[in-house]
Amino acid sequence: MGDRRTFNVVILGVGFLFIFTAFTTCGNIEQTVVKTLENATFTGSGYHSLGIIYGVFSFANLIASTVVTVIGAKITMFLSGLLYSGYIAVFIIPTTWAFYLTSVLIGIGAALLWTAQGHFLVENSEVSTINRNTGMFWGLLQCSMLFGNLYIYFAWNGHTEISDGSRRTLFLALLVASVLGTLSFLVLRKVPHEEEMLSDEEGQSLLPTRTMLAATACPPCSPGLELSFYSGVYGTCIGATAQFGAAAKGLIGISGIVVGIGEIVGGGFFGLICKNNRFRRTSVVFLGMVVHFVAFYLIFLNIPDDAPVAFETNALTSPYLTPSVSIALLCSFLLGLGDSCFNTQLYSILGHVYAEQCSPAFAIFKFIQSIFAAVAFFYSGYLLLMWQLLLMVVLGFAGTLCFFVVERMQSLSLDLQEY
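Predicted model only: the values in this text are computed from it and were never measured. (Residues numbered from 1 in each chain as written. Predicted model: local features only at pLDDT ≥ 70, side-chain atom pairs only at ≥ 80, totals over all residues. Heavy atoms only, no water.)

1. What to know about the overall build of the protein
Note the cut-off: We count a stretch as a helix when DSSP gives it H or I for four or more residues in a row; a strand needs E for two or more, and each element gets its number in order from the N terminus. Throughout, exposure labels follow a simple rule: accessible area from a 1.4 Å probe, protein chains only, divided by the maximum for the residue type, with under 20% read as buried, over 50% as exposed, and the rest as partly exposed. Contact definition: two residues touch when any of their heavy atoms are within 4.5 Å. All accessibility values rest on the Shrake-Rupley procedure with a 1.4 Å probe; residue burial counts only the protein chains present in the view.
For the protein, the helix and strand inventory stands at 14 helices and zero strands. Listing each helix as α and each strand as β along the protein from the N terminus yields α-α-α-α-α-α-α-α-α-α-α-α-α-α. Counting across all 419 residues of the protein, residues that qualify as buried make up 58%. Restricting to contacts in the protein with at least 6 residues of sequence separation, those with at least 24 account for 87%. Element-wise, carbon and sulfur atoms account for 69% of the exposed surface of the protein, whose accessible area totals about 16,100 Å².

2. Considerations on the packing of aromatic side chains
We apply this condition: The rule is short: rings of Phe, Tyr and Trp, with Trp giving its six-membered ring, pair when the centres are within 6.5 Å, and they are stacked under 30 degrees, edge-to-face over 60, tilted in between. Put simply, a charge is over a ring when the Lys NZ or the Arg CZ is close to the ring centre, within 6 Å, and near the line of the ring normal, within 35 degrees.
Counted according to the given criterion, the structure contains 22 aromatic pairs. Judged by centre distance (5.8 Å) and plane angle (65°), the rings of phenylalanine 16 and phenylalanine 185 are edge-to-face. Placement of the pair is phenylalanine 16 in helix H1 (residues 2–35) and phenylalanine 185 in the loop between helix H7 (164–184) and helix H8 (194–197), with a sequence separation of 169 residues. The two residues phenylalanine 16 and phenylalanine 185 agree in class, both being buried. Their ring planes at 80° and their centres at 5.3 Å tell us that phenylalanine 23 and tyrosine 84 sit as a pair that is edge-to-face. In this pair, phenylalanine 23 sits in helix H1 while tyrosine 84 sits in helix H3 (residues 73–90), placing the two residues 61 residues apart along the sequence. Just as phenylalanine 23 is buried, tyrosine 84 falls in that class too. One aromatic cluster is present, built from ring pairs that chain together Phe16, Phe20, Phe23, Tyr84, Tyr87, Phe91, Phe99, Tyr100, Trp114, Phe137, Phe171 and Phe185. Note that arginine 189 overlies the ring of phenylalanine 7, its terminal NZ or CZ placed 4.1 Å from the centroid.

3. Side note on the environment of isoleucine 53
Here isoleucine 53 is to be found in helix H2 (residues 46–71). The sequence separation of isoleucine 53 and glycine 107 amounts to 54 residues, and the corresponding C-alpha distance is 4.3 Å. Among residues more than four places away in sequence, those in contact with isoleucine 53 are Phe23, Tyr87, Ser103, Ile106 and Gly107.

4. With respect to a nonpolar patch on the surface
For clarity, the cut-off: Only residues whose relative accessible area exceeds 30% and that take part in no salt bridge are eligible for patches, with like-charged residues grouped when within 9 Å of each other and nonpolar side chains (Val, Leu, Ile, Met, Phe, Trp, Tyr) grouped when within 5 Å. Salt bridge, as used here: a side-chain nitrogen of Lys or Arg that lies within 4 Å of a carboxyl oxygen of Asp or Glu.
There is a patch of nonpolar side chains on the surface, built from Phe18, Val176, Val179, Leu180, Leu183, Leu186 and Val187 and spanning about 560 Å² of accessible area. Of note, leucine 180 is situated in helix H7. Since its relative accessible area comes to 45%, leucine 180 is described here as partly exposed.

Next comes the structure, spelled out in structure tokens:
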């Protein structure tokens, strides 16, 4: 039984690895690609597209749990993967109407995909394995940031403009990866019902009744803003930093790889090594806040303030320090590490507190997170870098406090149950 569940978690992670090799690579370079298109009739914006995706994502979460319940997590993830593949395909021969239409469709697909993923992961986990499975899935998922970005570095390093041929080759490869990930969901195995799964030796499943807390008490606002920043804005900022010269475009790929390494290190260490207890969970979230604050301060010193809003040219202002590639990549690692601190622990606490109603809980969580991500993508093309960083600091601190409140509420709830 344990082997079947472990197999499912591994295949789930591999499927997401392929799909998000395509999507995270696309998001990382999207604004840069759009700016260099040789198509005078294309008027789309990468920031606006990503904002639409996360805006639709947020509201589609309201129906996502119902869809997962009706057609099942496996089929939901397969259909969602097809929508992701359609979005990637648009960049091969880009048109404005298809670009924004698929942005809406992938927003719907994202809500269905992540709600189904949360349900499926909890369904294949027990109290004793939820941290291991979360870490395993998170590590495989974040490997998606390595391969596409590695290609970008070798293909784009030394180039100031992205040719149509280079773009088509890249997105054809990403489309193949997305389709392979989608097809992998078809080999997921069905697990028996709860009463068939458990024996006295196997331990308690995550499916028994537990006390429900307010889903909105979790801190999705901070990860929402940071998601938009590390996945779409920071790479664009590096590519727009004139002081990096001809290497700037290639550094977008290296930055994405280093963010992925930070995510993998954090997911592996905090998901697999850390024991499953409340003290450890709050400590990891606090560490994530500190790591991100350090990264934000270094970015403020190292990257030009107008880098996010330099649509057609490189940034014109100079930062406080002479821009350093080493500092820029260190910040990429810290962004990934801090994000994994938050996300591994958020998934862990959701899997424990909302075990009986995991689909609605993950849907509510993603609803709030994606609203903030959508807002962040829309303002990213207009706000200077320092204001974006300040917003993330304020909401990051508030989000960490919210997490501590949820942990305290859960602790009191468990204490009351013992009496």
